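Coordinates in review
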Amino acid sequence: MQQLYDTLSQRFSLGEFTRQRADLAFITVGAVRLHALLRHLRDQEGFTHLVLLTAVDWLEDGQFQLTYLLNNRAKCQDLGLRVMIARDNASMESIHDLWAAAATYQRELREMFGIDFPGSPRLMDDFILEGWNAAPPYRRDFDTLEYARATYRERPGRETRDPAAHMKQQLYGDKGDV
Amino acid sequence: MSISDVLSPFTAWKNLFRDPVTIKDPLNERPGAARYRGFHKNDMDKCIGCGTCETICQNGAIDMLPVDGIPAVQGDSGLRPRIDYGRCCWCALCVDVCMTGSLTMSNEYKWVESDPDLFRFTPGVDKKYWDNAELGYQRHDEKHLMPVAREEMPELHPEARLDSFVEIVHGYSIAQAKLEADRCVSCGLCIATCPAHMAIPDYIKAVRDGDYERGVQLLYATNPFSQVCGRVCTHRCEDSCAARHEGDPIAIRWLKRHIIDQVPQEKVIELIGKPAAPTGKKVAIIGAGPAGLTAAFDLARLGHAVTVYEAQAAGGGMTRYGIPEYRLPYDALDKDIAVITAMGVEIKYNHRVGTDIAMQQLEADYDAVVLAIGLHQGRSTRIPGSDHPQVRKAVDLLRQITAGETIDVPKSMVVIGGGNVAMDIARSMARLQMQHYGEIRVTLTALEDKAHFLADPVEIKESLEEQINILDSRGPQACVIDDNGKLLGLKTWKVLSIFDAERRFAPKYDPTDEQLHEGEMIVEAIGQMADVSLLGEALTEKLEWNRGRIQIDPNGRTSENWLWSAGDCVKGPDVINAVADGHRVATSIHRALTPQEATA
Ligand SMILES: Cc1cc2nc3c(=O)[nH]c(=O)nc-3n(C[C@H](O)[C@H](O)[C@H](O)COP(=O)(O)OP(=O)(O)OC[C@H]3O[C@@H](n4cnc5c(N)ncnc54)[C@H](O)[C@@H]3O)c2cc1C
Ligand code: SF4
Ligand code: SF4
Ligand code: SF4
């Protein structure tokens, strides 16, 4: 994997390299270089299979991390490419022209994180959240509990106690002047 | 065509003899996968009702409710989680966060009922057929959502403290305190255990938020001795902390200290605000220890004129004259006291009631009197030779050390006692020996064996680090004196048992296992009692007593309606109980002094 990184470095400007296992490594790369690098990996280096495309919300840093995981079947190797993009008006170049399946991942990321992939087929179609009308739910500032409270009705008969208040009432309470 | 191409259809045949991966009868048996997240199970013996599962559930599926037969006790609210499966999405966050590991999931998922309300039940209480299922989802043993280890407290190394009374514990940095505060799940189980019921999760949240001024206000709402308690509190609350089940309890005491260390004293006084308008009522308090001064603080804030009579030259009681400086520096204690006097409390130092002013005088001059005199008379073993002048009481010596009186430091000494007071005097004298002679020769003998020592484990650990020779299961028999009247040391026998079948104190010894522990001085540290001589004969007669202690009602009032009593002399055993007691009598006195119509 180190060798692959060294070869790639000669043609592309690459960021951090993390070797996770003998057969799994990650490379950080700038968004503008991703497409060319993916094409090269697919056509020249044997990474013909797009395993998955996923995202992480780094809320505090104002960034999304996209991870493109590729597989080289002949060599039994996995390579992940990590791309950081701005969280505000998040948008990334589509790769559906390299792997048609990418369109589905991109549709999911659009729905769950609100990341735009201009030109990606059926991008705006509902993926699994039919009729969703709130903020994208995988964004970390989405308040799931608040959404559940506002959206779903409570079955009658629900009640709860605060442990500290309950213990006060049971164990000491305000005994007052005796 | 190669030979393998010809054979390959046959190699598939070997699969005929393998176990199938599919289910034979999918219409009837449908086992969940081994780690499937099915219906919950909850181990009732382990669950502590902390409600952390309810807090984390993002679907609002959990309610915390009382259950018949599970009472609230220290460290367990008695509530148990009830789950509404109309809302649960089987995410298992509740299992991942559970503070005790009691909550798990079976791999059972098939259950058909026509009544939807049956899908709301309390796992472990409402019996289900999957309660004993072995398979299902459990949190990985080592994976915890909350860090399990306590932030380490920076401290003086043993070598650096052998000859020094400098404070051992340095206190957390802001970054450390935040990390420690982050481990608290705000369940509030600890509050009931704190005698003063301090707002622990709220002030820990103030540390997380970095809002120390709010923190100080929260501390003062229940405790005017946060400098003291932040350092030397017996911290029983930590024994009830939800975090202790799967890791270290939250360092509640150190976080309290951290808050009070961050805010300058003038700011503290400003934050508490001014006392109420004067009521014209006068209260006398005897003893400027934590009990007396807490009562004084509360009563002064309510507008009453408070005068404290204190026999010693400075305030704090045993926190100054007992607890050594290396655990509680005097300037920290002075800060707590300065805030109290800033509320208008007048302290008359060097005024011993009974000698300098009589009880009758106080009864005549004040609307109410509080007796908070602590326990200042050391108990004696009364073994032969214990009346020798070089046989001393721990509390007397500790007081002398604080007062700066010159002490004839013995080159070798023996301490009798295995409690915290014994450790305090042993470690204090060891420091003086190191300063005077450059070596430590202190032997400590305790009745108890190591497993049942009365002193805190930390005290024992630090004493050993400071070269104290700790001997367990040794019963004192005599202080050995030579023909010239010189004290040689302590004779002890091995202890076989301490209590009889009825749990009464009746030590049994093995006289054949006798030892002589060399010492130019012997210190008895086996307990203290109250010096009630100040009361005088007439009042002693009039008061009701209960096993040698003045009898009080639940509000701290004695049988004389002008006299209340609080702290060690009636209850004990520590600072935070004295504080709680001080609040109690202040509340009671305030009610008694306030005209009825105003309180009705
Ligand atoms: C060596 C030692 C170590 C301890 N360590 C700890 C610890 O680490 N943590 C903890 O929580 N607790 C500790 N304690 C216990 C704690 O100090 C007491 O529980 C607490 O101080 C009790 O407060 P109090 O106000 O009831 O009495 P005290 O603090 O004893 O105060 C009583 C005051 O009354 C004064 N007084 C007595 N008689 C008269 C009189 N006739 N006239 C005027 N004034 C009088 C005394 O001088 C004293 O100042 C320790 C005790 C000792 C002895
Ligand atoms: S599994 Fe998830 S949704 Fe269900 S009760 Fe637990 S936390 Fe709530
Ligand atoms: S988190 Fe665990 S211990 Fe706490 S109430 Fe829930 S099930 Fe019980
Ligand atoms: S300190 Fe412990 S018991 Fe108290 S609220 Fe925090 S986690 Fe709960």
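Structure: above.
Residues numbered from 1 in each chain as written. Chains lettered and ligands numbered in written order. Predicted model: local features only at pLDDT ≥ 70, side-chain atom pairs only at ≥ 80, totals over all residues. Heavy atoms only, no water.

1. Brief notes about the side chain of T100 of chain B
Residue and element names in this part refer to chain B. Relative to the elements of secondary structure, T100 occurs in the loop between α3 (93–97) and β4 (103–105). Of the polar contacts made by the side chain of T100, one reaches the backbone nitrogen of S102; its length is 3.1 Å. Setting aside anything within four residues of it in sequence, one finds T100 in contact with K46, C47, I48, H245 and E246. (Helix = DSSP H or I, 4+ residues; strand = E, 2+ residues; numbered from the N terminus. Polar contact = N/O pair within 3.5 Å; in protein donor to acceptor, adjacent residues only side chain to side chain. Contact = heavy atoms within 4.5 Å.)

2. Some points on the interface of chain A and chain B
With 24 residues of chain A at the contact, the number on the chain B side is 38 residues. Across the chain A/chain B interface, buried area totals approximately 2500 Å², and carbon plus sulfur atoms make up 50% of it. The interface formed by chain A and chain B contains four salt bridges. One salt bridge in this structure joins R158 of chain A and D84 of chain B, with 3.3 Å as the shortest N-O distance. Counting only elements with at least two residues in the side of chain A that touches chain B, the list comes to α4 (144–151) and α5 (163–172) of chain A. Residue contributions to the side of chain A that touches chain B peak at seven residues, all from α5 of chain A. (Buried area = accessible area lost by both parts, 1.4 Å probe. Salt bridge = Lys/Arg side-chain N within 4 Å of Asp/Glu carboxyl O.)

3. Focus: unusual backbone geometry
All names here are of chain B. The peptide bond linking G572 to P573 adopts the cis configuration, its omega dihedral lying at 0°. Looking at where P573 falls in the secondary structure, it is placed in the loop between β22 (563–565) and α19 (575–593). Despite not being glycine, A92 shows a phi value in the positive range, around 75°. Along the chain, A92 falls in the loop between β3 (79–84) and α3.

4. Observations regarding the packing of aromatic side chains
Residues and elements named next belong to chain B. Using the criterion set out here, one finds 25 aromatic pairs over all chains in the structure. Aromatic pair F121 and W130: ring centres 6.1 Å apart, planes at 50°, arrangement tilted. A relative accessible area of 1% places W130 in the buried class. Aromatic pair Y309 and Y366: ring centres 6.4 Å apart, planes at 85°, arrangement edge-to-face. Of this pair, Y309 sits in strand β7 (residues 305–309) while Y366 sits in the loop between α14 (359–365) and β9 (368–371), and the two are 57 residues apart along the sequence. Y309 sits in the buried class, given a relative accessible area of 5%. By way of ring pairs, the aromatic residues F39, Y85, W90, W111, F119, F121, Y129 and W130 are connected into one cluster. The ring centre of W254 lies 4.2 Å from the NZ or CZ of R253, which sits over that ring. (Phe/Tyr/Trp six-rings, centres within 6.5 Å; stacked < 30°, edge-to-face > 60°. Buried < 20%, exposed > 50% of the residue type's maximum accessible area, 1.4 Å probe, protein only. Lys NZ or Arg CZ within 6 Å of the ring centre and 35° of its normal.)

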